Amino acid sequence: MSKENMVLQAFEIAKERYAALGVDVNAALNHLQQLSISLHCWQTDDVVGFETLGNQGGSGIQATGNYPGRARNMQEVKADIEEVITHIAGKHRFNLHAIYGDFGGKTVDRDQILPEHFTGWMEWAKEKGLKIDFNSSSFGHPKSGDLTLANPDKSIRDFWIEHTKRCRAISDAIGKYQDDPCIMNLWIHDGSKDLTVNRYKYRQILEKSLDEIFAAEYKHMKDCIESKLFGIALESYTVGSHDFYLGYGAKRQKIVTLDTGHFHLTESVADKISSLLLFTPEIMLHVSRPVRWDSDHVVTLNEDTIELAREIVRADALNRVHVGLDFFDASINRIGAYVVGVRATQKAFLQAFLEPLAALRRYEDNGQYFERLALLEEAKSLPWAAVWDYFCLKNEVEVGADFIPAVQKYERDVTSKR
Ligand code: RNT
Ligand code: ZN
């Protein structure tokens, strides 16, 4: 039997198994088709960017590994992303950081960046059917230090306020150009390596800086704010903690970004979805895989990712949740890293779409908790993979592990020659 026929037959059987539990497989496939994932640009080049200032690295983020083939310029980032999207189904987004501007080899400091530095990206994205999201970049710069927007030194603080304001203007220009809101994420590393006696003071400064940054109203962009637990060399205190941004987001109606690596490892990020939905306008996700700490490993189909997807689907909140990825592994083939991470995220959502929710809720409403637990367990081994294979087949992307040789070919032909 041809592979195609095997996939088609398995799909027909799977469809019936699901139908018996009241699950509409075609509806699940439609949802998955519409799920747009924001591909972070920074897995292509280990978060280096194109500034000529000399990226300082550090500031709490770092890619580890020295696998050959890192993208070194805009053309290479574009080529790599074009390759990635040939191995994933659906229409997706592309998440740029401010340090990836087209600065034409000139020194453009972060308080000088303009929409024109991103025109090339906008045109390219349009051509490729991608929508762009954006991030301000406060790390890896001579003025990054331990404190940026929360810095008591007005000149440093103002520099970063100006940078972030410009990022919002750039995001608005992108959103207008692509006729779809550009989601701009604000993450800063601000914190302290050792004990501080000024927790309140720095948070008060950060709140004021944010108010100043967000004073201008824009039509074509949306703001989100990302917390973190700690950074390397900033272990004792993080100004922008989850409590801080949750409070700020609820007060000022800003989108809170949940990075799955930014919480205590036994804390459930999935559990936060329903609370955020009640008090903040939307949610931005940075799906990642923390291994022992915020290590930014490639996303895999693990229980945390599946549970996160399930909570979004159970809350019927797909139209209020933006799904972005945030991992950077420099120790493996970077194109392969993207493909594995995106496909894993899609599989997690597919499992969530295929959950026999109506039956589970009936059990719960009746107080039938053994039955609820039993069906939750059985649902794990329902033939979702047959639906996944069918989804790939229909979208003309590789079924199963067939993308491995395709990624290897690109490595042979392109990245190994860098
Ligand atoms: C850092 C945050 C942040 C960055 C990117 C590069 O811990 O997760 O989102 O990873 O902005
Ligand atoms: Zn993140």
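Residues numbered from 1 in each chain as written. Chains lettered and ligands numbered in written order. Predicted model: local features only at pLDDT ≥ 70, side-chain atom pairs only at ≥ 80, totals over all residues. Heavy atoms only, no water.

An unreviewed UniProt entry annotates the chain as L-rhamnose isomerase of Chitinophaga sancti. The record held by UniProt for the chain lists under Catalytic activity (unreviewed entry) the comment "L-rhamnopyranose = L-rhamnulose". Looking at the chain in UniProt, the text filed under Pathway (unreviewed entry) is "Carbohydrate degradation; L-rhamnose degradation; glycerone phosphate from L-rhamnose: step 1/3." (UniProt positions renumbered as here; feature names shortened; annotations may be inferred.)

**A closer look at the coordination of the zinc ion (ligand 2)**
Every protein donor of the zinc ion (ligand 2) is accounted for by Glu226 (OE), Asp259 (OD), His286 (ND1) and Asp326 (OD), and the metal-donor separations fall at 2.1 to 2.2 Å. Between the six donor atoms coordinating the zinc ion (ligand 2), the angles at the centre fall across 71 to 169°, so the site counts as octahedral. Donor residues for the zinc ion (ligand 2), ordered by position in the chain, follow E-x32-D-x26-H-x39-D. Within this pair, whereas Asp259 is found in strand β8 (residues 255-259), its partner His286 is found in strand β9 (residues 283-287), the two being separated by 27 residues in sequence. Comparing Asp259 with His286, the two get one shared label, buried. (Donors = N, O, S within 2.8 Å, 3.2 Å for Na, K, Ca; no water. Tetrahedral: all angles 85-135°; square planar, octahedral: opposite > 155°, others 65-115°. Helix = DSSP H or I, 4+ residues; strand = E, 2+ residues; numbered from the N terminus. Buried < 20%, exposed > 50% of the residue type's maximum accessible area, 1.4 Å probe, protein only.)

**Notes on the UniProt feature "binding site: Mn(2+)" (unreviewed entry) in the chain**
Taking the numbering used here, the UniProt-annotated feature "binding site: Mn(2+)" (unreviewed entry) corresponds to His262, Asp294 and Asp296. Maximum C-alpha separation among the annotated residues is 9.8 Å over a sequence range of 35 residues, consistent with a single clustered spot. Restricting the annotated residues just mentioned to those that line the largest cavity leaves His262, Asp294 and Asp296. Tracing the backbone shows His262 in the loop between β8 and α8 (272-279). According to the relative accessible area criterion, Asp296 is buried, its value standing at 6%. (1 Å grid on protein atoms, 1.4 Å probe; cavity = no way out; pocket = protein on both sides within 12 Å on 5 of 7 lines; lining within 4 Å.)

**Remarks on the site of ligand 1**
Near ligand 1 the following residues occur: Trp42, Ile61, His97, Trp187, Glu226, Lys228, Asp259, His262, His286, Asp294, Asp326 and Phe328. Between Asp259 and ligand 1, the recorded distance is 2.9 Å, taken from a side-chain N or O atom to an oxygen atom. Side-chain polar atom of His286 to an oxygen atom of ligand 1: 3.2 Å apart, as the coordinates give it. Relative to its free-state accessible area of 300 Å², ligand 1 is covered by the protein chains to the extent of 100%. (Near = heavy atom within 4 Å. Polar contact = N/O pair within 3.5 Å; in protein donor to acceptor, adjacent residues only side chain to side chain. Areas by Shrake-Rupley, 256 points an atom, 1.4 Å probe, with all protein chains shown as cover.)

**Examining helix α7 (residues 242-252)**
Buried within α7 we find His242, Phe244, Tyr245, Tyr248 and Gly249. Seen from one end, α7 has its buried residues packed into an arc of 160°, which puts them on one side. Exposed and facing more than 90 degrees away from the buried side of α7 are Asp243 and Lys251. Contacts from the buried residues of α7 go to β4 (182-186), α6 (199-213), β6 (221-226), β8 and α8. Phi for Gln253, located one or two positions after α7, is positive at around 55°. (Arc of directions from axis to C-beta. Contact = heavy atoms within 4.5 Å.)

**Brief notes about helix α2 (residues 25-34)**
Along α2, the residues classified as buried are Val25, Ala28, Leu29 and Leu32. When α2 is viewed along its axis, its buried side chains cluster within an angular range of 100° and face the same direction. Where the residues of α2 are buried, they touch α1 (3-20), α10 (334-353) and α13 (384-394).

**Observations concerning the packing of α2 against α13**
It is at 11 Å that the axes of α2 and α13 come closest, and there the two elements cross at 55°. Looking at the two axes, α2 sits oblique to α13. Handedness of the α2/α13 crossing: right-handed. Contacts between α2 and α13 involve Val25, Leu29, Leu32 and Gln33 from the first element and Val387, Trp388, Tyr390 and Phe391 from the second. Of the residues assigned to the contact of α2 with α13, the class counts are seven nonpolar, one polar and no charged. (Axes fitted to C-alpha atoms, helices over the stretch in contact; angles between N-to-C directions. Parallel < 35°, antiparallel > 145°, perpendicular 65-115°, else oblique. Left-handed = near helix turned anticlockwise from the far one by under 90°. Nonpolar A, V, L, I, M, F, W, Y, C, P; charged D, E, K, R; others polar.)

**Points about the nonpolar core**
Membership of the largest hydrophobic core comes to 116 residues, with the highest contact counts inside it found for Trp121, Phe134 and Leu285. The leading source of residues in this core is α10, at eleven residues. Both of domain 1 (1-23 + 356-418) and domain 2 (36-353) provide at least three residues apiece to this core. (Core = buried A, V, L, I, M, F, W, Y, C linked by side-chain atoms within 4.5 Å. Domains from an automatic or database assignment.)

**What about the sheet that holds β4?**
The strand order around the closed barrel formed by eight strands is β1-β2-β3-β4-β6-β8-β9-β12, and the pairing between neighbours is parallel. The sheet shows a mean angle of 30° between the axes of neighbouring strands, taken without regard to direction. (Pairing = 2+ DSSP bridges.)

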